[in-house]
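Chain and residue survey
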Amino acid sequence: MKSQVDLAVVNMGSLRMTLPKGNITVGNIFQLMPFENELVILRLKGSEVKKLLDIFALEGGQGVAGVRMEIKDGQAANCLIQGMPIEMNKLYSIATNDFLAGGNDRMIPLASPEKRMDTALKIRNILMEYVVRETQNGRKIQSRLDGRIRVQQ
């Protein structure tokens, strides 16, 4: 499956630990993601994506990729998807897990997509395959903060 997604969403509560510096082990991955969550691709209107980002703003943020936004007075502001302002009627492709796709953890807009594709792929397995591939190619996995969600005072 090689389809482009516009954004990815994970709830911070699904990541149960930080990865230690050094080699990443299978055990580390299981500790980080102990759940059997599967990858789901949703198609959601921009207006629903904006509602989702407003929920994130109330919570101080969530785990996202493909999104840049500010939180101002508990609202999502200056939201960009793939570097472009949200178009309210456009359909966006969202990668998330099956738990969140059910609207759980207050992510209610995800429960009513225009289209849903269940992949039957375990997210933890995808992560492990990524770590193996990057390691085999001699690339180090490094985290960095990039300011994708900024809180304005």
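Worth saying up front: this structure is predicted, and the values here are computed from it rather than measured. (Residues numbered from 1 in each chain as written. Predicted model: local features only at pLDDT ≥ 70, side-chain atom pairs only at ≥ 80, totals over all residues. Heavy atoms only, no water.)

**Comments concerning empty space enclosed by the protein**
Under the definition given, this model contains one cavity of 30 Å³ or more. Within this model, the largest cavity holds a volume of roughly 40 Å³. Looking at the largest cavity, the residues that line it are Ser14, Met33, Phe35, Asn37, Ile123 and Arg124. For the lining of the largest cavity, the per-class residue count stands at three nonpolar, two polar and one charged. (1 Å grid on protein atoms, 1.4 Å probe; cavity = no way out; pocket = protein on both sides within 12 Å on 5 of 7 lines; lining within 4 Å. Points joined across faces, edges and corners; volume = space filled by probe spheres on them. Nonpolar A, V, L, I, M, F, W, Y, C, P; charged D, E, K, R; others polar.)

**Details of the sheet that holds strand E2 (residues 38-45)**
Spatially, the five strands line up as an open sheet ordered E3-E1-E7-E2-E8, and their pairing is mixed. Edge positions in the open sheet fall to strand E3 (63-65) and strand E8 (115-122), since each of these has one partner strand only. Sheet twist, expressed as the average angle between the axes of neighbouring strands with direction ignored, equals 20°. Strands in contact with helix H2 (residues 46-59) are strand E1 (7-10), E2, E3 and strand E7 (91-97); relative to E2, the strand with the most contacts, it is inclined by about 115°. In this fold helix H4 (residues 123-136) packs onto E2, E7 and E8, with an angle of close to 60° to the strand it touches most, E8. (Pairing = 2+ DSSP bridges. Helix = DSSP H or I, 4+ residues; strand = E, 2+ residues; numbered from the N terminus. Axes fitted to C-alpha atoms, helices over the stretch in contact; angles between N-to-C directions. Contact = heavy atoms within 4.5 Å.)

**A few points about H4**
Helix length check: H4 (14 residues) gives 20 Å between terminal C-alpha atoms against 20 Å at 1.5 Å per residue, within 8%. Along H4, the residues that are buried comprise Ile123, Arg124, Met128, Val131 and Glu134. Projected down its long axis, H4 carries its buried residues within an arc of 140°, all on one side. Exposed side chains of H4 directed beyond 90 degrees from the buried face belong to Glu129 and Gln136. In this structure, the buried side of H4 is in contact with helix H1 (26-32), E2, E7 and E8. (Expected span 1.5 Å × (residues − 1). Buried < 20%, exposed > 50% of the residue type's maximum accessible area, 1.4 Å probe, protein only. Arc of directions from axis to C-beta.)

**Thoughts on the nonpolar core**
Within soluble globular proteins, side chains that are nonpolar tend to cluster in buried spots. Of all hydrophobic cores here, the largest spans 24 residues; its most connected members are Val9, Val49, Leu53, Met69, Ile94 and Leu110. Of all elements in the fold, only E1, E2, H2, strand E4 (67-72), strand E5 (75-81), E7 and helix H3 (98-101) reach the threshold of two or more residues within this core. No other element matches the five residues that H2 contributes to this core. In this view, valine 9 contacts Leu52, Phe56, Gly63, Ile94, Ala95, Thr96, Asn97, Leu100 and Met107; residues no more than four positions away in its chain are not counted. By size, the runner-up hydrophobic cluster in this structure holds six residues, among which are Leu32, Met33, Ile41 and Ile123. (Core = buried A, V, L, I, M, F, W, Y, C linked by side-chain atoms within 4.5 Å.)

**Here we look at the sheet that holds strand E6 (residues 84-85)**
Pairing within the open sheet is mixed, and its four strands lie in the order E6-E5-E4-E9. The sheet is open, and its two edges are formed by E6 and strand E9 (149-151), each paired on a single side. Across five bridges, E4 lies against E5 in antiparallel orientation. Within E5, the position partnered with arginine 68 by the bridge is leucine 80. Sheet contacts for H2: E4 and E5; angle to E5, the most-contacted strand, approximately 130°.

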